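Survey of secondary and tertiary structure
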Amino acid sequence: MSLFELFTSASSSGLSVLRAFRLVRVFKIIRSWVSLRKLLKTVMDSMSAIANLGVLTILFMFISALLAKQFYLNELMDDDGNPSRYSFGSTIESLITIFIVITGENWNAIMIEVIDSSGSLTSPVIFFCVEMIIGNYMLLNLFLAILLKFISESENEEQAAKEELTKIDTPR
């Protein structure tokens, strides 16, 4: 929000149209920045492989959510004794909680709540560590490996095109 917008009335919708023109600056930068354009082209070329990884991730999350729903159906309580915002009670809640665990956001607190509600130590620790290892590290590394593969392929194609041009340009 600009200073001009702060001092004018909030009901004027004409200024919101002008904000859309700010987006044009981003496209102008992308067009002039060659290395960023190459990187974005590489990412767009790798979308089919990334989509396959996305399907694999969703399948892993769904299987994990069903396992967690089966094993840890008890209501989770936080430190104050109130019902926790994390739950494995339904499939949707379980999917959301597994997503939180895979992203690494407060996964250890969820594991402690599950340990407290289930009364067992080994089963939740093994489950959550496997979730973190497979869900976070392996899938993230697969994503990075896909991107690096496509980046190296695009660099090899670029280098081959340069060599082809030098062969054409050199007299025999």
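Residues numbered from 1 in each chain as written. Predicted model: local features only at pLDDT ≥ 70, side-chain atom pairs only at ≥ 80, totals over all residues. Heavy atoms only, no water.

Thoughts on the overall build of the protein chain
Each helix and strand in the protein chain was counted, giving 8 helices and 0 strands. Starting at the N terminus and ending at the C terminus, the protein chain contains elements arranged as α-α-α-α-α-α-α-α. For the protein chain, with 172 residues in total, the buried portion stands at 23%. Expressed as a percentage of contacts within the protein chain between residues at least 6 apart in sequence, the contacts between residues at least 24 apart total 59%. As displayed, the protein chain has an accessible area near 12,400 Å², and 67% of this comes from carbon and sulfur atoms. (Helix = DSSP H or I, 4+ residues; strand = E, 2+ residues; numbered from the N terminus. Buried < 20%, exposed > 50% of the residue type's maximum accessible area, 1.4 Å probe, protein only. Contact = heavy atoms within 4.5 Å. Areas by Shrake-Rupley, 256 points an atom, 1.4 Å probe, with all protein chains shown as cover.)

Remarks on the packing of helix H3 (residues 22–32) against helix H4 (residues 34–45)
Two elements in contact, H3 and H4, have axes whose closest approach is 5 Å; the angle formed by their N-to-C orientations is 95 degrees. It follows from the interaxial angle that H3 and H4 lie roughly perpendicular. Contact residues: H3 offers Ile30, Arg31 and Ser32, while H4 offers Val34, Leu36, Arg37 and Leu40. A per-class count over the contact of H3 with H4 returns 4 nonpolar, 1 polar and 2 charged. (Axes fitted to C-alpha atoms, helices over the stretch in contact; angles between N-to-C directions. Parallel < 35°, antiparallel > 145°, perpendicular 65-115°, else oblique. Nonpolar A, V, L, I, M, F, W, Y, C, P; charged D, E, K, R; others polar.)

Some remarks on the packing of aromatic side chains
Counting across every chain of the model gives 4 aromatic pairs. Measuring from centroid to centroid gives 6.3 Å for Tyr72 and Phe88, while their planes differ by 50 degrees, and the two rings are tilted. Placement of the pair is Tyr72 in the loop between helix H5 (47–71) and helix H6 (91–103) and Phe88 in the loop between H5 and H6, with a sequence separation of 16 residues. Residue Phe88 is classed as buried on the basis of its relative accessible area of 0%. (Phe/Tyr/Trp six-rings, centres within 6.5 Å; stacked < 30°, edge-to-face > 60°.)

A look at unusual backbone geometry
Notably, Asn106 is not glycine yet its phi reads approximately 65 degrees, a positive angle. The class of Asn106 is partly exposed, set by a relative accessible area of 34%.

Focus: the nonpolar core
Grouped together as the largest cluster of nonpolar side chains are 26 residues, with contacts concentrated most on Phe88, Ile98, Ile110, Val114 and Phe128. If you list the elements that add at least two residues to this core, you get H5, H6, helix H7 (107–118) and helix H8 (122–169). In contact with Ile110, not counting residues within four places along its chain, are Tyr86, Thr97, Ile100, Val101 and Phe128. (Core = buried A, V, L, I, M, F, W, Y, C linked by side-chain atoms within 4.5 Å.)

What to know about the pattern of salt bridges
Enumeration according to the criterion identifies 2 salt bridges in this entry. Across the pair Asp45 and Lys41 runs a salt bridge whose closest N-O atoms are separated by 3.0 Å. One end of the pair, Asp45, and the other, Lys41, are both in helix H4, 4 residues apart, so they sit about a helical turn from each other. Looking at Asp45, the relative accessible area reads 43%, which means it is partly exposed. With relative accessibility at 53%, the residue Lys41 sits in the exposed group. (Salt bridge = Lys/Arg side-chain N within 4 Å of Asp/Glu carboxyl O.)

Overview of the confidence of the model for the protein chain
Per-residue confidence for the protein chain gives a mean pLDDT of 83; residues scoring 70 or more make up 88%. Within the protein chain, the lowest mean pLDDT, 55, falls on helix H1 (residues 3–7), and the highest, 93, falls on H6. (pLDDT = per-residue confidence, 0-100.)

Here's the deal with the side chain of Thr42
Along the chain, Thr42 turns up in helix H4. The exposure class of Thr42 is buried, given its relative accessible area of 7%. A polar side-chain atom of Thr42 sits 3.5 Å from a polar atom in the side chain of Ser154. Each residue touching Thr42, except ones within four places of it in the same chain, is listed here: Phe150, Ile151 and Ser154. (Polar contact = N/O pair within 3.5 Å; in protein donor to acceptor, adjacent residues only side chain to side chain.)

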